[in-house]
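Close look at the chain arrangement
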Amino acid sequence: MSQKTPAPPPADAHLEAMLARALGKPTAADAVEAPEAPHPEADKRCGYVAIVGKPNVGKSTLLNALVGQKVSITSRKAQTTRHRITGIRTEGASQFIFVDTPGFQTRHGNALNRSLNKTVLGAVTDVDLILFVVEAGRFNLADAKVLSLLPASVPVILLANKLDEVHRRGDLAPWLRSMQERHAFAEFVPMSAKAPKDIQRLFGICEKYLPQQPWIHDAEELTDRSERFMAAEMVREKLFRLTGDELPYTSTVIIDRFEEEGQLRRIAATIVVEREGHKGMVIGDKGEKLKRIGTEARMELEKLWGGKVFLELWVKVRSGWADDDARVRSFGYE
């Protein structure tokens, strides 16, 4: 008597649907129609979305794309983002409050890195949705460390960034399956933060996770960070971009004076480095490097605020500040 070949087990419909959407085959559930204005309070949605991942994986670039304006600094240097940066975007009846976080630090246990990790942990415990950012097709120990910190009570979207760098899209399917075995992700979203259509699609995917409630911010607001804070961040971005890997990431920027006269801002800031040799790197030959840092930061701030900016920069040495808890706090870190 011949035995019947057992039927294959039924496919995981949820996983298959996520794979289909992830590989560019949108389902009917992806369609999001923007409600017409004005929006009744009963129709409004508003919620917090944390953006997390290892250092230098593209979180700040993603935040800026989602907000539609630069609110978080970027550079190729790891540990560029050091604070909880909030970006706000109101689309249709929904207000998204995005929280960019520092990359979780696993290599050094100094006071600065303990502060950065505290910021990451604080950001993921009180949000409605988490975007876990990895490079498409890749996953290493640093990614795994961040994934292990995510609370089980908050839905997590696996956001596979830099999709434009993946040459064989067919390789993504087995990778996505392996990722789902690591964590019960609510969605898979391979994308490029530089592609406007991908950003718009991400809004539609995230929208359903926002609770129905009134907006917290005005529709025009883009960030809850002060102009004083943004000035320090912009100088720090230019510092990192123009000094490259020569300057340790522990350098920071302190705003000494911030004055407003109508549309004019007068700003004095100090770049803090840990060694005399680093001071020379920042100042450069005949002060040219420091002048360029100031010029590029000033131009970026004038573009951001739509007004004239006078910016003075100084460089000071504060040895060992990144290992001193009290000094780390005095420089504005949590």
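Keep in mind that what you see is a predicted model, and the values were worked out from it rather than measured.

**Points about helix α7 (residues 227–243)**
- A rise of 1.5 Å per residue sets the reference length of α7, with its 17 residues, at 24 Å; its end C-alpha atoms lie 24 Å apart and thus fit the reference within 8%.
- The buried fraction of α7 amounts to 14 of the 17 residues, a majority that puts the element mostly inside the structure.
- Directly after α7, the chain includes Gly-244, whose backbone phi takes a positive value near 65°.

**Section: the packing of aromatic side chains**
- Under the criterion given, the structure shown has 6 aromatic pairs.
- Ring centres of Phe-185 and Phe-188 lie 6.3 Å apart, and the angle between their planes is 50°; on these two criteria the pair is classed as tilted.
- In this structure an aromatic cluster arises from ring pairing among Phe-96, Phe-98 and Phe-203.
- Cation over ring: Lys-44 sits above Trp-215, and NZ or CZ is 4.0 Å from the ring centre.

**Topic: the pairing of strand β3 (residues 94–100)**
- Most of β3 sits inside the fold, with 7 of its 7 residues counted as buried.
- Where burial is concerned, the two faces of β3 agree: the one with Ser-94, Phe-96, Phe-98 and Asp-100 and the one with Gln-95, Ile-97 and Val-99 are both buried.
- In the sheet, strand β1 (residues 45–52) pairs with β3 via 7 bridges, with the strands oriented parallel. Residue Val-49 lies in a different strand from β3, and its bridge partner there is Phe-98.

**Focus: unusual backbone geometry**
- Non-glycine residue Lys-286 carries a positive phi angle of around 55°.
- Structurally, Lys-286 is set in the loop between α8 (276–283) and α9 (288–305).
- Exposure remark for Lys-286: the relative accessible area of 77% places this residue in the exposed category.

**Observations concerning the pattern of salt bridges**
- Counting across every chain of the model gives 15 salt bridges.
- Glu-312 is paired through a salt bridge with Arg-257; the nearest N and O atoms lie 3.2 Å apart. Linking Glu-312 in strand β9 (residues 309–317) with Arg-257 in strand β7 (residues 252–261), this pair joins segments that are 55 residues apart in sequence.
- Exposure remark for Glu-312: the relative accessible area of 38% places this residue in the partly exposed category.
- Residue classification places Arg-257 among the partly exposed residues on the basis of a relative accessible area of 32%.
- Linked through salt bridges whose partners overlap, the residues forming this network are Glu-237, Lys-238, Arg-241 and Glu-300.

**Section: the pairing of β1**
- The buried fraction of β1 is high, at 6 of 8 residues.
- As judged from the 4 bridges shared by β1 and strand β4 (residues 129–135), these two strands associate in the parallel manner. When the sheet's bridge partners are listed, Val-52 is paired in β4 with Phe-132.

**Focus on the sheet that holds strand β8 (residues 264–273)**
- Read across the open sheet, the 3 strands follow the order β7-β8-β9; overall the sheet is mixed. Here the strands that pair on one side only, and so sit at the sheet edges, are β7 and β9. Along the sheet, successive strands turn relative to each other by an average axial angle of 15°, direction set aside.
- Looking at chain direction, β7 and β8 are connected through 9 bridges and run antiparallel. Following the sheet pairing, Val-253 is matched in β8 by Ile-271.
- Helix-sheet contacts for α8 involve β8 and β9, and the interaxial angle to β9 is about 155°.
- Strand contacts of α9: β7, β8 and β9, with the helix running at about 140° to β9, the strand carrying the most contacts.

What counts and how
- Residues numbered from 1 in each chain as written.
- Predicted model: local features only at pLDDT ≥ 70, side-chain atom pairs only at ≥ 80, totals over all residues.
- Heavy atoms only, no water.
- Helix = DSSP H or I, 4+ residues; strand = E, 2+ residues; numbered from the N terminus.
- Expected span 1.5 Å × (residues − 1).
- Buried < 20%, exposed > 50% of the residue type's maximum accessible area, 1.4 Å probe, protein only.
- Phe/Tyr/Trp six-rings, centres within 6.5 Å; stacked < 30°, edge-to-face > 60°.
- Lys NZ or Arg CZ within 6 Å of the ring centre and 35° of its normal.
- Pairing = 2+ DSSP bridges.
- Salt bridge = Lys/Arg side-chain N within 4 Å of Asp/Glu carboxyl O.
- Axes fitted to C-alpha atoms, helices over the stretch in contact; angles between N-to-C directions.
- Contact = heavy atoms within 4.5 Å.

Honestly, it's all geometry; don't read function into it.
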